[in-house]
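# Coordinates in review
As a plain string of letters, each chain reads:
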Amino acid sequence: MSILEDPALARFVSGQMSMHVAACDARGFPTLVRGVGYRIDPGQPARLRVLVPQSQSEPVLRALAANGRIAVVLSEPASHRTLQLKGGDARVESVEPADVAAMAPYVEAMVDHLRAFDTPEPFMRALLACSAGELAVVSFTPAEVFGQTPGPQAGARLASGEAP
Amino acid sequence: MRLLSMDRLRNCLEGVVPSGIATCAPDGTPNVTYISQLMYVDEAHVAISFQFFNKTRENILANPHACVLMMDPDTAARFRILIRYLRTETAGPLFERMKAKLAGIASHSGMTGVFHLRGADIYRVLDIEPVQGRELPPVDHGPALLPALRRSVDALAACRSLDRLLDTLGHCLEQHFALEYQMLLMPDEAAQRLYIVTSRGYATSGAGAEIPYGVGVIGVAARERTPIRIIFPAAEYAYGRAVREQLAGGELADRLEPLIPLPGLAEPSSQLAVPVLAGGRLIAVLYVESAQMCRFGYDLEDTLVALCAQLGPSIVALQTDAADDELPRGEAPAAPAAGPPLRVRHFARDDSVFLGDDYLIKGVAGAILWKLLRDHQTLGRSEFSNRELRLDPALRLPEVSDNLDARLILLSRRLTDRNAELRIEKTGRGRFRLQLSRPVLLEDA
């Protein structure tokens, strides 16, 4: 069973979480970008498809194309439950209609999540704005998963069946 | 690559929207997480709160480079900053500023009790990259600060007495900066405490109320001599509660001191305490607070620091010293006080003074009041001078920087707060009058 098919993890991931995507270049310099959505393609259930705005992601996409090593942090704002997925086979994908379609519900969910923190809706919409033509998609197979909910246990590897 | 200055990006560092941080393990594996607090240090340095030993920390100790994605909380403008870890501070002004700020952020994000600051990790900013994306128009927060500062320094420079200076300060903060709730406290170095001299915005001035060094934002600002600013509610820094807890549980519990209630908001959402220094000495602490979150930004902090840089030397210059004091002029016959006598008790142990059964004041201010009342009763005097107070060995005023003027201001305001039938009224430079609207019955307990 792949990591994404683990029921506890799948439940968490399906919840539309706040997300950042990181990569490192050959010099060991890290870089990152905020994601604007993600989805799992039923045809490739072991791979997570991560949506990012092309123009904001150049350094990340360059590093991923060079070495395929990726880290993605997913966090539920209201509960701070957070996990990090890491993989070594990241690749840039061609954008599919289902990727474009995944963006709008993601933005709506994030607006809802952040309302609890009095974050104004226009702010969240500006932060996550990305036109269909601007979208880039990266996919990878999560090989490791770490709990990252703030606290002393942050960073511990999650066992199978364990949610953050 | 274009190098912007962090000076222009300080709004991104307020912790309103959590930033992401990416690091790189020695084997080239990226790691990404959220950071609780990113703090401005100067134009080329930031600090990140170190709370837990985690992968980010492990990575930066091995490979000091990190990348932070931060956002302006108003406009959503995004910046990627490449930073390099330098060192960790575990005490001192920067650490205390971060600790206070973290308490606010923890409370804002529901993480009180989870966040515990081990250290402030200091990073050099190597590069700042603006990241494209939709932005909102910039937002005006309150009055334009430089004109407000200019008007205030002009007004302060025109003041010729300490009480006028303090009134003008309060007026300027209210009128030019729209700061509704404010206090000015002065230190009692020997007792490691601050006492309120003046305040604005509260039902009573709280003059004479005390805050120990190190307690709440005011006490920490005094101890560390650094501004402390919190822009979210932070219960552990709400000084009213902090002082009560210290009195209840601390070494002072057995003393059961008579306490003048602190004025102030029960749950301030924004707090800022700025130390007022002159010649390396702590002269006062200026404190402002608001019921509104995110009310006090980095720029307001800088502006009040600049204002206080003028305030400190002005306070020192306007404190009268013995050479300035005029002798009392001829006594104007005081109108005889009428009505049943007011019992005034004095306890020599701490110079505390009670009006009837109610605590009024203690310490030097208590000793001064007692001297005035005794002289009034035995010698029939009402007019007094600062000089004679300075020469009175019983008052034990320090030879330098005795803060006598400030103590008289606080005594006068405390009497007004209590609606007491005693008043102290300034009659000239270094001169004042004791006014009684009731006879007094003095008891030295």
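Bear in mind the structure is a predicted one, so any value in this text is a computation, not a measurement. (Residues numbered from 1 in each chain as written. Chains lettered and ligands numbered in written order. Predicted model: local features only at pLDDT ≥ 70, side-chain atom pairs only at ≥ 80, totals over all residues. Heavy atoms only, no water.)

### Re the overall build of chain A
Looking only at helices and strands, chain A has 4 helices and 9 strands in total. Along chain A, from the amino end to the carboxyl end, the secondary structure elements read α-β-β-β-β-α-β-β-β-α-α-β-β. Considering chain A as a whole, with its 164 residues, one finds that 59% of them fall into the buried category. For chain A, restricting intrachain contacts to residue pairs at least 6 apart in sequence, the fraction spanning at least 24 positions comes to 66%. Looking at chain A as shown, the accessible area adds up to about 6,400 Å², and 56% of this sits on carbon and sulfur atoms. (Helix = DSSP H or I, 4+ residues; strand = E, 2+ residues; numbered from the N terminus. Buried < 20%, exposed > 50% of the residue type's maximum accessible area, 1.4 Å probe, protein only. Contact = heavy atoms within 4.5 Å. Areas by Shrake-Rupley, 256 points an atom, 1.4 Å probe, with all protein chains shown as cover.)

### Concerning the overall build of chain B
Along its length, chain B carries 10 helices and 20 strands. Each of the 445 residues in chain B was classed as buried or not, and the buried ones make up 57%. Long-range pairs, those at least 24 residues apart, make up 69% of the contacts in chain B with a sequence separation of at least 6. For chain B, the exposed area adds up to about 18,900 Å²; of that, 52% sits on carbon and sulfur atoms.

### Points about the state of the cysteines
Put plainly, a disulfide is one covalent bond tying together the sulfur atoms of two cysteines. Inspection of the entire model under this criterion finds 0 disulfides over all chains. Looking at cysteine 67 of chain B, it has no disulfide partner, and the nearest cysteine sulfur is the one in cysteine 24 of chain A, 9.6 Å off. For cysteine 67 of chain B, a relative accessible area of 4% corresponds to the buried category. (Disulfide = S-S within 2.5 Å.)

### Section: the sheet that holds strand 3 (residues 37-39) of chain A
Residues and elements named next belong to chain A. The antiparallel open sheet is built from 4 strands, whose spatial order is 3-4-8-7. Every interior strand has two partners, whereas the edge strands, strand 3 and strand 7 (91-93), have only one. For this sheet the average axis-to-axis angle between neighbouring strands, irrespective of direction, equals 30°. Pairing of strand 3 with strand 4 (residues 48-53) involves 3 bridges; the strand directions are antiparallel. Residue pairing for strand 4: glycine 37 is matched across the bridge by leucine 51. Relative to strand 3, helix 3 (residues 97-115) is tilted by about 125°, and along the sheet it contacts strand 3, strand 4 and strand 8 (135-140). (Pairing = 2+ DSSP bridges. Axes fitted to C-alpha atoms, helices over the stretch in contact; angles between N-to-C directions.)

### What to know about the interface of chain B and chain A
Contact residues are listed per partner, giving 44 residues for chain B and 38 residues for chain A. The three residues of chain B that bury the most area against chain A are Pro30, Val32 and Tyr34 of chain B, which together make up 21% of that side's buried surface. Counting every contact that joins chain B to chain A gives 0 salt bridges. Summed over the shared surface of chain B and chain A, the result is 14 residue pairs in polar contact (both at pLDDT 80 or more). (Buried area = accessible area lost by both parts, 1.4 Å probe. Salt bridge = Lys/Arg side-chain N within 4 Å of Asp/Glu carboxyl O. Polar contact = N/O pair within 3.5 Å; in protein donor to acceptor, adjacent residues only side chain to side chain.)

### Some remarks on the side chain of arginine 39 of chain A
Residue and element names in this part refer to chain A. In this fold, arginine 39 is placed in strand 3. Looking at arginine 39, the relative accessible area reads 13%, which means it is buried. At a separation of 3.0 Å, a polar atom in the side chain of arginine 39 contacts the side chain of glutamate 96. Apart from the residues lying within four places of it in its own chain, the contact partners of arginine 39 are Arg47, Leu48, Arg49, Glu96, Ala98, Asp99 and Ala102.

### Remarks on the sheet that holds strand 11 (residues 228-230) of chain B
Residue and element names in this part refer to chain B. With antiparallel pairing, 6 strands are arranged side by side in an open sheet as 10-9-8-13-12-11. At either margin of the open sheet sits one strand with a lone partner, and together these are strand 10 (210-212) and strand 11. Taking each pair of neighbouring strands and ignoring which way they run, the sheet shows an average axis angle of 25°. Bridge analysis of strand 8 (residues 181-188) against strand 9 (residues 193-200) gives 7 bridges, and the strand direction is antiparallel. Counted as the bridge partner of leucine 184 is threonine 198 from strand 9. Each of strand 8, strand 11, strand 12 (270-278) and strand 13 (281-290) is contacted by helix 7 (residues 298-318), which is oriented at about 35° to strand 12, the strand it contacts most.

### Let's talk about helix 1 (residues 55-62) of chain B
All names here are of chain B. By the burial criterion, the buried members of helix 1 are Thr56, Arg57, Asn59 and Ile60. Take helix 1 and look down its axis: the buried residues cluster within an arc of 160°, on one side only. Set apart from the buried face of helix 1 by more than 90 degrees, the exposed residues are Leu61 and Ala62. Residues of helix 1 that are buried sit in contact with strand 1 (19-24), strand 2 (30-35), strand 4 (45-50), strand 5 (65-71), strand 6 (78-89) and strand 7 (119-131). Where helix 1 begins, the side chain of asparagine 54 points an oxygen toward the backbone nitrogen of threonine 56, at a separation of 3.3 Å. (Arc of directions from axis to C-beta.)

### What about unusual backbone geometry?
Residue and element names in this part refer to chain B. Notably, alanine 178 is not glycine yet its phi reads approximately 55°, a positive angle. With respect to the helices and strands, the residue alanine 178 is situated in the loop between helix 4 (162-175) and strand 8. Although it is not a glycine, aspartate 351 adopts a positive phi angle of roughly 55°. With a relative accessible area of 12%, aspartate 351 lands in the buried category.

### Structural notes on the pattern of salt bridges
Counting across every chain of the model gives 43 salt bridges over all chains. Ionic pairing is found between lysine 101 of chain B and glutamate 14 of chain B, a salt bridge with its closest N-O pair at 4.0 Å. Taken together, the positions of lysine 101 of chain B in helix 2 (residues 93-108) and glutamate 14 of chain B in the segment before strand 1 put the pair 87 residues apart, joining distant regions of the chain. Of the residues examined, lysine 101 of chain B reaches a relative accessible area of 6% and is grouped as buried. One salt bridge connects arginine 229 of chain B with glutamate 301 of chain B, and the closest N-O pair in it is separated by 2.8 Å. Here glutamate 301 of chain B lies in helix 7 and arginine 229 of chain B lies in strand 11, a separation of 72 residues in the sequence. Summarising the burial analysis for this pair, arginine 229 of chain B and glutamate 301 of chain B share the class buried. A single network of salt bridges, built from pairs that share partners, joins Arg39, Asp41, Arg49, Glu96 and Asp99 of chain A.

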